[in-house]
Amino acid sequence: MTGVEVSKRSNGHAHVFNPRTTSYEFLGPPGTFLISTLVPFFTYVFAYGCSESAGGCPRSFYELPTSFMQTVTDVDWWKAQWDPHGFAAYFAWYAFTVVAWAVLPGEWVEGLPLRTGQKLKYKINAFATLLLSLGLAGGLIWTQGPASFTYIYNHWIGIVTGAFVNSIVQAFYCYASSFAQGALLSANGNSGNYIYDWFMGRELNPRIGSFDIKSFNELRPGLILWFLIDISMACEQAVRRGGHITDSMWLVICFQGLYVIDALYNETAILSTMDIISDGFGFMLSVGDLLWVPFTYCLQARYLAWHPVELGPVWTATIFVLHGLGYYIFRSANSEKNDFRNGKNPKNRTFMQTKRGTKLLTSGWWGMSRHPNYFGDLIMALAWCLPTGFETPVTYFYFIYFTILLVHRQRRDDEACHEKYGDDWKEYQKLVPWRIVPGFY
Ligand code: NDP
């Protein structure tokens, strides 16, 4: 199938099966080309520019490219980059998560209706995969000691490159398979421009049999790997410090681990996210899920592996409380909306009935701002960075990047809701004027 396809509804009216994408996001083809280049580039910049071999993490972002260039212009460095072992280990990891999806028990749950009215089924066993992975890693560390789990630290570049290659291969595979007869295309990735559609994702739900490529990659191989990377960094620190792990490292592992556990435990919640409902699976999601998230979100733990920071009880408690506040807002806002979308309203929140049929909460968290969950997420993001101290801004990159991402995502969602709800959304915007941070933004 190519481009626009028209089918007939039972009432005889023409119905566009795959409408053309008529407006660009991310500044269109040039913007998406730039992001496609910059995301992998910056993953390597962080890997090389903020590392022990580069002499540490620079004291300003400005010095990061210099630090990166110093490392990559060294001839010996190029020889050391060839790491087929780490590269193969990444694919072994990916294969493990696929096998776990296939063999571990899990309930098959229906997603939200597609624009064709059809509902796809998803196997829910990401949390079981996480438990199995943690059990195996924990068993290894328990019996063989922390040195047995420093493999990820020691084979960093090989593993990063494996993930990068995987993300490219999957984006091309999904783009090519989107031309198969009958494929349902994303309304955001059917512009006809190759680069743009390849980046945004042309096919909405690429699948191999019942294996849903997009939902699988969203949660399992990247998020679980991120947690394992953090654990490997803690093991590296423990080996260097005679078995002792700093309070700062414990905070980072616990905070980020909780985030991963929360996401995988609430796996069904992703079925109603923008990524699953409206975005196709292109390079944007493949590189985000497989490369960017695991290998840049762990920057704090990787820094602390070779640059230990002792916070002391006061700072530890302060950061712990800040994170608790963020998590409380994030979880209670998300749960309030999920419950409401599933027909439950235990706290009797007020709501607005829309012409589209669905209701919008107008009190509680969702009466304070249009994305209170993003507010909680941002507080947590800051709490992940603070344990690294103030010697370098590079470990705060996550907070800066995430603020930009969520501000942009909020605007995308606002536009999407405007399209979905029409005037009702304008009414809701009047009732809830703040976008993310109540009283501020
Ligand atoms: P949200 O969970 O915020 O959902 C947005 C949707 O909720 C809207 O499209 C609308 O859909 C519905 N909605 C909006 N307002 C209301 C209301 N008042 N009452 C009821 N429903 C409403 O979207 P995201 O997918 O962006 O975020 C999910 C979580 O993932 C967030 O906690 C976010 O912080 C996190 N996240 C994390 C990222 C990371 O990299 N760490 C990246 C992106 C997100 P409808 O009405 O059709 O149901």
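Residues numbered from 1 in each chain as written. Predicted model: local features only at pLDDT ≥ 70, side-chain atom pairs only at ≥ 80, totals over all residues. Heavy atoms only, no water.

The protein chain has the name Delta(14)-sterol reductase ERG24 in an unreviewed UniProt entry, where Serendipita indica is given as its organism. According to UniProt, the comment filed for the protein chain under the heading Catalytic activity (unreviewed entry) is "4,4-dimethyl-5alpha-cholesta-8,24-dien-3beta-ol + NADP(+) = 4,4-dimethyl-5alpha-cholesta-8,14,24-trien-3beta-ol + NADPH + H(+)". (UniProt positions renumbered as here; feature names shortened; annotations may be inferred.)

Colleague: What is the right way to look at the overall build of the protein chain in this model?
Modeller: Scanning the protein chain from terminus to terminus reveals 19 helices and eight strands. Seen along its three principal axes, the alpha-carbon backbone of the protein chain occupies a region of about 75 × 45 × 45 Å. Looking at the protein chain residue by residue over its 441 residues, the buried ones come to 53%. Long-range contacts, defined here as pairs at least 24 residues apart, represent 74% of the contacts in the protein chain between residues at least 6 apart. Here the protein chain has roughly 20,300 Å² of accessible surface; of this, 65% comes from carbon and sulfur atoms. One way to put it: in the protein chain the 33 positive side-chain charges average out to a point 9 Å from where the 33 negative ones average out. (Helix = DSSP H or I, 4+ residues; strand = E, 2+ residues; numbered from the N terminus. Buried < 20%, exposed > 50% of the residue type's maximum accessible area, 1.4 Å probe, protein only. Contact = heavy atoms within 4.5 Å. Areas by Shrake-Rupley, 256 points an atom, 1.4 Å probe, with all protein chains shown as cover. Lys, Arg positive; Asp, Glu negative; His and termini not counted. Charge placed at Lys NZ, Arg CZ, Asp CG, Glu CD.)

Colleague: Just checking my understanding: could you explain the site of the ligand for this structure?
Modeller: The environment of the ligand is formed by 26 residues, the closest being Arg341, Tyr374, Asp377, Arg409 and Tyr421. Within the side chain of tyrosine 297, an N or O atom sits 2.9 Å from an oxygen atom of the ligand. Contact distances for the ligand include 2.7 Å between an oxygen atom and a side-chain N or O atom of arginine 341. In the complex, 86% of the free accessible area of the ligand, which totals 920 Å², lies under the protein chains. Looking at the shell around the ligand, the elements that each hand over two or more residues are helix H15 (312-341), strand S8 (359-361), helix H17 (372-385), helix H18 (397-421) and helix H19 (423-431). Top contributing element to the shell around the ligand by residue count: H18, with eight residues. Of the residues contributing to the shell around the ligand, the split by class is 15 nonpolar, four polar and seven charged. Residues lining the shell around the ligand come from more than one domain, with at least three contributed by each of domain 1 (6-310) and domain 2 (315-441). (Near = heavy atom within 4 Å. Polar contact = N/O pair within 3.5 Å; in protein donor to acceptor, adjacent residues only side chain to side chain. Nonpolar A, V, L, I, M, F, W, Y, C, P; charged D, E, K, R; others polar. Domains from an automatic or database assignment.)

Colleague: Just to check I follow, could you spell out unusual backbone geometry for this structure?
Modeller: Apart from glycine, the bulk of residues carry a negative phi angle, and the bulk of peptide bonds sit in the trans form. One non-glycine residue with positive phi stands out, namely phenylalanine 26, at about 50 degrees. Among the structural elements, phenylalanine 26 can be located in the loop between strand S2 (14-16) and helix H1 (28-49). Even without being glycine, leucine 27 reaches a positive phi, approximately 60 degrees. The residue leucine 27 is located in the loop between S2 and H1 in this model.

Colleague: Looking at this model, I keep getting lost on H17. Mind explaining?
Modeller: An α-helical segment advances 3.6 residues per turn. Residues three or four places apart therefore align on the same side. When the terminal C-alpha atoms of H17 are compared, their 21 Å separation across 14 residues agrees well with the 20 Å that a helix rising 1.5 Å per residue should span. On its buried face, H17 sits against helix H10 (221-240), helix H11 (247-265), helix H14 (299-306), H15, helix H16 (365-368) and H18. (Expected span 1.5 Å × (residues − 1).)

Colleague: Help me understand the packing of H1 against helix H13 (residues 283-296), please; the structure alone is not making it clear to me.
Modeller: A pair of packed helices can be characterised by two numbers: the angle between their axes and the separation between those axes. Where H1 contacts H13, the axes come no closer than 10 Å and their chain directions differ by 10 degrees. Judged by the angle between their axes, H1 and H13 are roughly parallel. As for how H1 packs across H13, the hand of that crossing is left-handed. The segment H1 lies against H13, with Ser36, Val39, Pro40, Phe42, Thr43 and Phe46 engaging Phe283, Val287, Leu291, Trp292, Phe295 and Thr296. For the contact of H1 with H13, the residue count by class is nine nonpolar, three polar and no charged. (Axes fitted to C-alpha atoms, helices over the stretch in contact; angles between N-to-C directions. Parallel < 35°, antiparallel > 145°, perpendicular 65-115°, else oblique. Left-handed = near helix turned anticlockwise from the far one by under 90°.)

Colleague: For this particular structure, what's the right way to read the domain arrangement of the protein chain?
Modeller: One frequent convention defines the size of an interface as the accessible area lost when the parts assemble. What the domain assignment reports for the protein chain is domain 1 (6-310) and domain 2 (315-441). Between domain 1 and domain 2, the C-alpha centre-to-centre distance is 23 Å. With 36 residues of domain 1 at the contact, the number on the domain 2 side is 29 residues. The junction of domain 1 with domain 2 conceals about 3,000 Å² of combined surface from both sides, 66% of it contributed by carbon and sulfur atoms. Inspection of the region where domain 1 meets domain 2 yields four salt bridges. Here arginine 412 and glutamate 25 are joined by a salt bridge, their closest N and O atoms 2.3 Å apart. Counting across the domain 1 and domain 2 interface gives twelve residue pairs in polar contact (both at pLDDT 80 or more). Counting only elements with at least two residues in the side of domain 1 that touches domain 2, the list comes to H11, helix H12 (274-277), H13 and H14. At nine residues, H11 tops the list of elements feeding residues into the side of domain 1 that touches domain 2. For the side of domain 1 that touches domain 2, a count of residues per class yields 23 nonpolar, seven polar and six charged. (Buried area = accessible area lost by both parts, 1.4 Å probe. Salt bridge = Lys/Arg side-chain N within 4 Å of Asp/Glu carboxyl O.)

Colleague: Would you mind going over the side chain of threonine 43 with me for this structure?
Modeller: By secondary structure assignment, the location of threonine 43 is in helix H1. Those residues within four positions of threonine 43 in sequence are excluded, and the remaining contacts are Val160, Leu291, Trp292, Phe295 and Thr296.

Colleague: I would appreciate a short explanation of the packing of H11 against H15 in the present structure.
Modeller: Where H11 meets H15, the closest approach of the two axes is 10 Å, and the angle between their N-to-C directions is 10 degrees. Comparing the axis directions of H11 and H15 gives the class roughly parallel. In this structure, H11 contributes Asp247, Leu251, Phe255, Leu258, Tyr259 and Asp262 to the contact, and H15 contributes Gly312, Thr316, Ile319, Phe320, His323, Tyr327, Phe330 and Arg331. Here the contact of H11 with H15 is composed, by residue class, of eight nonpolar, three polar and three charged.

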